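Topology and contacts: notes
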Amino acid sequence: MLQVLAMTDNAPSVPYYKATGKELEVFEKVMSNKLPLLLKGPTGTGKSRFVEYVAHQAGLKLLTVSCHEETSSTDLIGRYIIKGSETVWIDGPLTTAVKKGYILYLDEVAEARPDVVVAIHSLTDHRRELYIDKLGETIKAHNDFMLIASFNPGYQKGFKELKPSTRQRFVALSFNYPDPKVETEILMNETGVDEDTAKKLVNIGNKIRNLKELGLTETASTRLLVDAAKLICSGLPKAGC
Ligand code: ADP
């Protein structure tokens, strides 16, 4: 069953997203060509925030599925449920997005069961259609439908890989930790922390990221630095900073 399924009904406020490269230009072309998009990069580097931002800018609803090892094609496509004395079909988030023209964001797609990749196959090429085996139906994707997936290509231990044949079906955008100036700006914008503290946090973050020889399973992501800045802003003493 799905653990987390978020539906973002375009909120009036624009999500804050600071571009770190040419990703917004690339997105525009990917969307106008109706191609699927794969966001690669370590956790906490702004992939989800990017998706929230572009969905808002495009005026499209966003459905987010956080994939985990139990996520199956049934979870995404839909299932029959028993309601009183009847059996009724309930569309899953993929079917809903395909029919209604939403953006579907499959976060950490490589974590899902292999049948998820099979299910999205015909949506990632010129056909742009979804086969619902339990209904024996094939549905054409709405003109606005867009598939975005993210994965973490072996930067961190414990994350699964995505087969090259699957990767090839997507336009890929790489995300990484922003350069110090941009990351300082993100911290200040996200938390209201002063520039001096933001710079120090970014400096500590970069030192930790460079400690490659320690083989840390997790490093200091932008998310972690944002959280640290929030704690400092709410009065926690900044020991060592
Ligand atoms: P990911 O999806 O890559 O794991 P998120 O998008 O959840 O990462 O980013 C984690 C947090 O880091 C965000 O909530 C935001 O506070 C901050 N962040 C990272 N990159 C950016 C960016 N480019 N612009 C704005 N905020 C960012």
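In short, a report on the structure. (Residues numbered from 1 in each chain as written. Predicted model: local features only at pLDDT ≥ 70, side-chain atom pairs only at ≥ 80, totals over all residues. Heavy atoms only, no water.)

**What to know about helix α1 (residues 23-32)**
Within the sequence span of α1, burial applies to E23, F27 and V30. For α1, the angular spread of the buried residues around the axis is 65 degrees, confining them to a single face. Exposed positions of α1 whose direction lies more than 90 degrees from the buried face are E28, K29 and S32. For α1, the elements touching its buried residues are β2 (37-40), α2 (47-58), β9 (146-151) and β10 (171-174). Remark: K34 follows α1 within two positions and exhibits a positive phi of approximately 55 degrees. (Buried < 20%, exposed > 50% of the residue type's maximum accessible area, 1.4 Å probe, protein only. Helix = DSSP H or I, 4+ residues; strand = E, 2+ residues; numbered from the N terminus. Arc of directions from axis to C-beta. Contact = heavy atoms within 4.5 Å.)

**Details of the site of the ligand**
Residues in contact with the ligand amount to 16 residues; listed here are only the nearest, K18, G44, K47, S48 and E190. Taking R49, its main chain carries an N or O atom lying 2.8 Å from an oxygen atom of the ligand. Between the ligand and the protein, one listed contact pairs an oxygen atom with a side-chain N or O atom of E190 at 2.5 Å. Within the residue set of the shell around the ligand, elements represented by two or more residues are α2, α7 (180-191) and α9 (222-233). (Near = heavy atom within 4 Å. Polar contact = N/O pair within 3.5 Å; in protein donor to acceptor, adjacent residues only side chain to side chain.)

**Thoughts on the nonpolar core**
The biggest cluster of nonpolar side chains holds 29 residues, and the ones touching the most others in it are L94, V98, L104, L106, L130 and F145. At the level of secondary structure, the elements contributing two or more residues to this core comprise β3 (62-66), α3 (73-77), α4 (93-100), β6 (103-107), α5 (114-120), β7 (129-132) and β9. Other than its neighbours up to four places away in sequence, L104 contacts L63, V65, P93, L94, A97, F145, M146, L147 and I148. (Core = buried A, V, L, I, M, F, W, Y, C linked by side-chain atoms within 4.5 Å.)

**Describing the environment of G41**
Here G41 lies in the loop between β2 and α2. Overall, G41 belongs to the buried group, its relative accessible area being 0%. Through-space distance from the C-alpha of G41 to that of S150 is 7.9 Å; in sequence the pair is 109 residues apart.

**Some details on the packing of α1 against α2**
The N-to-C vectors of α1 and α2 enclose an angle of 55 degrees; their axes lie 12 Å apart at closest approach. Between α1 and α2, the interaxial angle falls into the category oblique. Crossing geometry of α1 relative to α2 is assigned as right-handed. Counting all contacts with α1, which are made through E23, L24, F27 and M31, the residues of α2 involved are F50, Y53, V54 and A58. In terms of residue class, the contact of α1 with α2 is made up of 7 nonpolar, no polar and 1 charged. (Axes fitted to C-alpha atoms, helices over the stretch in contact; angles between N-to-C directions. Parallel < 35°, antiparallel > 145°, perpendicular 65-115°, else oblique. Left-handed = near helix turned anticlockwise from the far one by under 90°. Nonpolar A, V, L, I, M, F, W, Y, C, P; charged D, E, K, R; others polar.)

**Observations regarding the environment of D107**
Relative to the assigned elements, D107 resides in strand β6. With a relative accessible area of 16%, D107 lands in the buried category. Linking D107 and L39, residues 68 residues apart in sequence, is a C-alpha distance of 9.1 Å. The residues contacting D107, other than those within four sequence positions of it, are S48, V65, S66, C67 and S150.

**Comments concerning the packing of aromatic side chains**
According to the stated counting rule, one finds 5 aromatic pairs in the structure shown. On the numbers, 5.5 Å between centres and 65 degrees between planes, the contact of Y17 with F50 is edge-to-face. Note that Y17 is positioned in the loop between β1 (5-8) and α1 and F50 in helix α2, a separation of 33 residues in sequence. Seen from their ring centres, F27 and F50 are 6.0 Å apart, and the 85 degrees between their planes marks the pair as edge-to-face. Residue F27 is found in helix α1, and its partner F50 is found in helix α2; the two are separated by 23 residues along the sequence. Neither residue differs from the other here; F27 and F50 are each classed as buried. (Phe/Tyr/Trp six-rings, centres within 6.5 Å; stacked < 30°, edge-to-face > 60°.)

**Things to note about the pairing of strand β8 (residues 137-140)**
In the sheet, β7 pairs with β8 via 4 bridges, with the strands oriented antiparallel. Along β8, the bridge assignment pairs Y131 with T138. Hairpin connection between β7 and β8: a loop of 4 residues separates the two successive antiparallel strands, and G136 in this loop has a positive phi of roughly 65 degrees. (Pairing = 2+ DSSP bridges.)

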